[in-house]
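Below, each chain spelled out in residue letters.
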Amino acid sequence: MSKHIVVAVTGGIAAYKAATVVRTLIKDGWDVRVMMTNQATKFVTPLTFTTLTGHAVVTTLGPANQPLAHVELARWADAMVVVPATANVLSKVALGIADDVVTTTLCAAVCPRLFIPAMNDQMYANPAVQRNITRLRADGARVMEPATGMLAEGYAGKGRLPAPAEISTWLYQQLVPGTALAGKHVLVTAGPTREYLDPIRYITNPSSGRMGYALAAAARNQGAEVTLVSGPTALPPVPGVTLVAVQTSAEMAQAVFARQTQADIIIAAAAVADYGVEHPAPQKIKKNGAELTLHLHQTKDIIATVAQNKRPDQYVVGFAAETTAVAEHARAKLQSKQLDMVVANDVGKQAIGFGSRENAVTIFTPEETPQAVAQASKQTIAATIIQAIARHLGQVSDHQ
Ligand SMILES: Cc1cc2nc3c(=O)[nH]c(=O)nc-3n(C[C@H](O)[C@H](O)[C@H](O)COP(=O)(O)O)c2cc1C
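Residues numbered from 1 in each chain as written. Predicted model: local features only at pLDDT ≥ 70, side-chain atom pairs only at ≥ 80, totals over all residues. Heavy atoms only, no water.

**Some details on the sheet that holds strand E13 (residues 265-268)**
Worth spelling out the cut-off: Pairing between two strands is assigned when DSSP locates at least 2 bridges connecting them. The secondary structure listing takes helices from DSSP runs of H or I that are at least 4 residues long and strands from runs of E that are at least 2 residues long, numbered from the N terminus. To define axes, lines are fitted to C-alpha atoms, for helices over the stretch in contact only, and angles between the resulting N-to-C directions are given on a 0 to 180 degree scale.
Pairing in this open sheet of 8 strands is mixed, and the strands run E12-E11-E8-E13-E16-E17-E18-E19 from one edge to the other. Two strands close off the open sheet at either side, each with one partner strand: strand E12 (242-245) and strand E19 (371-377). Sheet twist, expressed as the mean angle between neighbouring strand axes with direction ignored, is 20°. Direction of pairing for strand E8 (residues 185-190) relative to strand E11 (residues 225-230): parallel, over a ladder of 6 bridges. Its bridge partner being in E11, Leu-187 is matched across the sheet by Thr-227.

**Examining the side chain of His-70**
We count it as follows: Contacts between residues were defined by any pair of non-hydrogen atoms, one from each residue, lying within 4.5 Å.
In this fold, His-70 is placed in helix H4 (residues 69-76). Sequence-distant contacts of His-70, defined by excluding residues within four places in its chain, comprise Leu-61, Val-101, Thr-104 and Thr-105.

**Quick word on empty space enclosed by the protein**
Quick reminder of the rule: Both site types are read off a 1 Å grid over the protein atoms alone. A 1.4 Å probe that fits but cannot get out defines a cavity, while an open set with protein on both sides within 12 Å along at least five of seven lines defines a pocket; lining residues have an atom within 4 Å of a point. Grid points are joined across faces, edges and corners, and a volume is the space filled by probe spheres set on the points.
For the structure shown, the criterion picks out 1 cavity of 30 Å³ or more. For the largest cavity, the calculated volume is near 40 Å³. Around the largest cavity sit Ile-363, Phe-364, Thr-365, Glu-368, Thr-369, Pro-370, Gln-371, Arg-391 and His-392, which together line it. Looking at the lining of the largest cavity, the elements that each hand over two or more residues are strand E18 (358-364) and helix H14 (378-392).

**Thoughts on a nonpolar patch on the surface**
Convention followed: Patches were defined on residues exceeding 30% relative accessible area and lacking a salt bridge, with like-charge contacts within 9 Å and nonpolar side-chain contacts (Val, Leu, Ile, Met, Phe, Trp, Tyr) within 5 Å. Only the protein chains shown count as cover for residues, and the accessible areas themselves come from Shrake-Rupley with a 1.4 Å probe. Any Lys or Arg side-chain nitrogen found within 4 Å of a carboxyl oxygen on Asp or Glu counts as a salt bridge.
Residues Ile-203, Tyr-275, Leu-292, Leu-294 and Leu-296 make up a contiguous nonpolar surface patch of roughly 450 Å² in combined accessible area. For Ile-203, the position within the fold is in strand E10 (residues 201-203).

**Regarding the layout of surface pockets**
How we decide: Each residue gets one label: Ala, Val, Leu, Ile, Met, Phe, Trp, Tyr, Cys and Pro are nonpolar, Asp, Glu, Lys and Arg are charged, and the others, such as Gly, are polar. Note: domain ranges come from an automatic or database domain assignment.
Here the largest pocket is characterised by a volume of approximately 960 Å³. Considering the residues around the largest pocket, the lining is formed by 42 residues, among which Arg-137, Tyr-213, Ala-214, Ala-217 and Gln-379 are closest to the centre. At the level of elements, helix H8 (127-138), strand E5 (142-143), helix H9 (164-175), helix H10 (210-221) and H14 are the ones that each hand at least two residues to the lining of the largest pocket. If you tally residues by element for the lining of the largest pocket, the top one is H10, at 7 residues. Within the lining of the largest pocket, the residues separate by chemical class into 20 nonpolar, 14 polar and 8 charged. There are two domains that each give the lining of the largest pocket at least three residues, and those are domain 1 (4-175) and domain 2 (185-392).

**Here we look at the confidence of the model for the protein**
Should pLDDT be low for a region, the predicted coordinates there are not to be read in detail. To keep things clear, this is the line we draw: pLDDT runs from 0 to 100 and stands for how confident the predictor is about each residue.
Taken residue by residue, the protein gives an average pLDDT of 91. The fraction at 70 or more is 96%. When the criterion is pLDDT under 50, residues 395-400 qualifies, and its contacts beyond four places in sequence or with other chains add up to 13 contacts.

**Re the packing of aromatic side chains**
The criterion, for reference: Classification of ring pairs uses Phe, Tyr and Trp, with its six-membered ring standing for Trp, and accepts pairs whose centres are within 6.5 Å; under 30 degrees between planes counts as stacked, over 60 as edge-to-face, and the remaining range as tilted. Partly exposed describes any residue whose relative accessible area lies between the buried limit of under 20% and the exposed limit of over 50%, with all areas from a 1.4 Å probe on protein chains only and scaled to the type maximum.
What the rule picks out here adds up to 1 aromatic pair. On the numbers, 5.3 Å between centres and 70° between planes, the contact of Tyr-196 with Tyr-202 is edge-to-face. A relative accessible area of 22% places Tyr-196 in the partly exposed class.

**A short note on H10**
Selection rule: Expected span, for any helix, means 1.5 Å times one less than how many residues it has.
Here H10 is 12 residues long and its end C-alpha atoms lie 16 Å apart, about the 16 Å a rise of 1.5 Å per residue gives. Every buried residue of H10 is accounted for by Met-211, Gly-212, Tyr-213, Ala-214, Leu-215, Ala-216, Ala-217, Ala-218, Ala-219 and Asn-221. Backbone geometry just downstream of H10 places Gly-223 in the positive-phi region, at approximately 90°.

**Overview of the sheet that holds strand E4 (residues 113-117)**
Read from one edge to the other, the open sheet built from 5 strands follows the order E2-E1-E3-E4-E5, with strand pairing classed as parallel. At either margin of the open sheet sits one strand with a lone partner, and together these are strand E2 (31-36) and E5. Sheet topology note: the E4/E5 ladder contains 2 bridges and is parallel. Its bridge partner being in E5, Phe-115 is matched across the sheet by Val-143.

**Brief notes about the domain arrangement of the protein**
To be explicit about the condition: Note on definitions: buried area is the accessible-area loss of two parts on being combined, 1.4 Å probe, summed for both. Polar contacts here mean pairs of N or O atoms no more than 3.5 Å apart (in protein, one a potential hydrogen donor and the other a potential acceptor; neighbouring residues in sequence count only if both atoms are side-chain atoms).
Looking at the protein, the domain boundaries give domain 1 (4-175) and domain 2 (185-392). The distance between the C-alpha centroids of domain 1 and domain 2 comes to 34 Å. Taken together, the 12 residues of domain 1 in the interface contact 8 residues of domain 2. If you sort the residues of domain 1 by the area they bury against domain 2, Arg-137, Glu-145 and Gln-173 come out on top, with a joint share of 43%. Taken together, the links from domain 1 to domain 2 amount to 0 salt bridges. In this structure, the connection of domain 1 to domain 2 is made through 0 residue pairs in polar contact (both at pLDDT 80 or more). Only H8 and H9 provide two or more residues apiece to the side of domain 1 that touches domain 2.

**Regarding the side chain of Asn-120**
Summarising the element assignment, Asn-120 is placed in the loop between E4 and helix H7 (121-125). In terms of polar contacts, Asn-120 uses its side chain to reach the side chain of Glu-153, at 3.3 Å. Setting aside its immediate chain neighbours within four residues, Asn-120 contacts Glu-153, Tyr-155 and Lys-158.

**Here we look at unusual backbone geometry**
Backbone geometry follows two general trends: most residues other than glycine have a negative phi, and most peptide bonds adopt the trans configuration. A cis amide bond links Val-83 to the next residue, Pro-84, at an omega of -10°. Positive phi, normally seen in glycine, also occurs at Ala-325, with a value near 40°. Looking at the secondary structure, you find Ala-325 in the loop between strand E16 (315-322) and helix H13 (326-336). The phi dihedral of Gln-338 falls on the positive side, at around 55°, and the residue is not glycine. Relative to the assigned elements, Gln-338 resides in the loop between H13 and strand E17 (341-346). We classify Gln-338 as exposed; its relative accessible area is 57%.

In structure tokens:
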């Protein structure tokens, strides 16, 4: 386990909660050093962190007694955690700006960099902030999803710092690679499919792909070799995961069937179209004043086909995205398609449905009573699903 962790505290109202996070990390066995932005010191004093860690807190770039503190700490760190991460610091680091001790150290660090944003919901939703978070993730940084709940402004919204225990679990998942799926090959499908009417128009659905991408990352974090077959999404590729990009349900079926034999675990999280266009027009369909009738045919049921052809040692997981009678549909799917596990979610609920960053699911298996997983970020849900799969395969790691 890596031991050295630099916690960078930046100037948000949640800065006072960083003290609890630091205490939790020390209790978890990390050797912690703290640095703070100038603005952060207005919310909470360095003395708090000096007392908790037993080490001086770095608050300026180039202090007289330790002019290269930023480089030394960047080298010393096995990981850097920014908590809370302001919109300002997220954006500066995404752009490579290094104008104080925190951003300069983050710029110099080659260790994993983890950001835990906390801010007003409108700041978090700001397109520039979202763009910079996407950019940070594409550069390999890990950014935790903020929690939804009461904000400092006195109303509920997305932007709260998650509870210290949730932060510590997330950090552990990110920094201490699990081995629950070591040696296993996991094939995950994600995102929507497109069923073309003509070369430029298609039928699709609002799946963002986030659940499948989170599952791919969670399986990778448990030591698996992962292939992600993805329909069109706006998400950056998952580092360390082989991405196979497809568009139509037929392409997705072909990509999955071609890789089925190598896979030990197949997780079908994609929202595959059930119906495709019978004869897509080779050229753009022109309007001509008459009604247009589309003939749709049922597409190949990828997960059912995979389950029919599976070897006894393969484990097949389906998703049941339903808007009514979720549990009944999930149980029916488990039986009729002969799946090893069905993860059911109610996509009719706006907070956890298609396109949202959170989910709440129930895990059904033929042997066990259903396991309800409470609403949480898709990363947390994915880690729980992967744990459940590992448990079923009898390969649970000691830690989890
Ligand atoms: C009372 C108060 C509360 C603030 N809370 C937050 C916050 O929760 N998140 C955030 O991103 N910015 C917050 N800000 C704005 C930041 O302090 C401001 O963007 C600052 O430049 C951040 O500096 P730093 O990123 O160098 O620490 C707050 C400002 C004030 C005055």
